[in-house]
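As a plain string of letters, each chain reads:
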Amino acid sequence: MMRIMPIETSPVIAPGTLSAVPQPTLATADGDLLLRPLEPGDAAAVHAAFQDPTLRYWHARRMDSPQEALGWIEGTHETWRTETAAQWFVTGAADGEPLGRMALREMILADGVAEIGYWVLPAARGRGVAPRALAALTQWALAAGFHRLDLKHSTRNEASCRVALKSGYDLEGTARSSVLHTDGWHDMHIHARIQEA
């Protein structure tokens, strides 16, 4: 029988801290964008997003139907309840225009770490959506108690590198041949934001 070894550090974020409250809606500093939990009515827009070849290429995922998108959206509510991930839909604050998605992936509350994920719809690219939304998410996550936020992207994805650097995510290094894309293995840049002491 395997014995579990005691951990001598306290959890950085106590279990139940996030799931005890509804997932928040976040606003960007300029008030122009909202990051809100996904809703069933977003399924068509999410499905449409994954018809973009650029998005599919960098994320190595596809979504074949609005029903599949609806299942994914339902899963985002479950990951909030289990405190393993959190997804936000980025929209225009005034008109609700779908613009993109921000996420905290692979959350480990005990260690206070999570990985950033995001995409922006083709029509919204070049409008500063990603850095503004990332700033809002980062501010919330650090205030919520996360100690380290990782942001990883293919070294070939120059746009994501610009977003990371513009948003204060320092480049720490390169993980060689670490993520499989449809065209083979990619080196990944590793960026991070750390909770200030």
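None of the values given here were measured: they were computed from a predicted structure.

Conventions used here
Residues numbered from 1 in each chain as written. Predicted model: local features only at pLDDT ≥ 70, side-chain atom pairs only at ≥ 80, totals over all residues. Heavy atoms only, no water. Salt bridge = Lys/Arg side-chain N within 4 Å of Asp/Glu carboxyl O. Helix = DSSP H or I, 4+ residues; strand = E, 2+ residues; numbered from the N terminus. Buried < 20%, exposed > 50% of the residue type's maximum accessible area, 1.4 Å probe, protein only.

Asker: For this particular structure, what's the right way to read the pattern of salt bridges?
Answerer: Overall, the coordinates contain 13 salt bridges when judged by the stated rule. In this structure, the salt-bridge partner of Asp-52 is Arg-125, at a minimum N-O distance of 2.5 Å. Taken together, the residues Asp-52 in the loop between helix H1 (43-49) and helix H2 (53-59) and Arg-125 in the loop between strand E5 (113-120) and helix H4 (129-143) connect sequence positions 73 residues apart. Note on Asp-52: relative accessible area 11%, which makes it buried. You can call Arg-125 partly exposed: its relative accessible area is 34%. Look at the salt bridges and you will find they share partners, linking Asp-30, Asp-32 and Arg-132 into a network.

Asker: Would you mind showing me how to read unusual backbone geometry here?
Answerer: Among all residues except glycine, the phi angle is most often negative; among peptide bonds, the trans geometry is most common. Look at Glu-83: it is not a glycine, yet its phi comes out positive at around 60 degrees. With respect to the helices and strands, Glu-83 occurs in the loop between helix H3 (66-81) and strand E3 (86-92). On the accessibility criterion, Glu-83 (12% relative accessible area) is buried. The phi dihedral of Ser-177 falls on the positive side, at around 45 degrees, and the residue is not glycine. The residue Ser-177 is located in strand E7 (residues 170-181) in this model. By relative accessible area, Ser-177 is classed as partly exposed at 42%.

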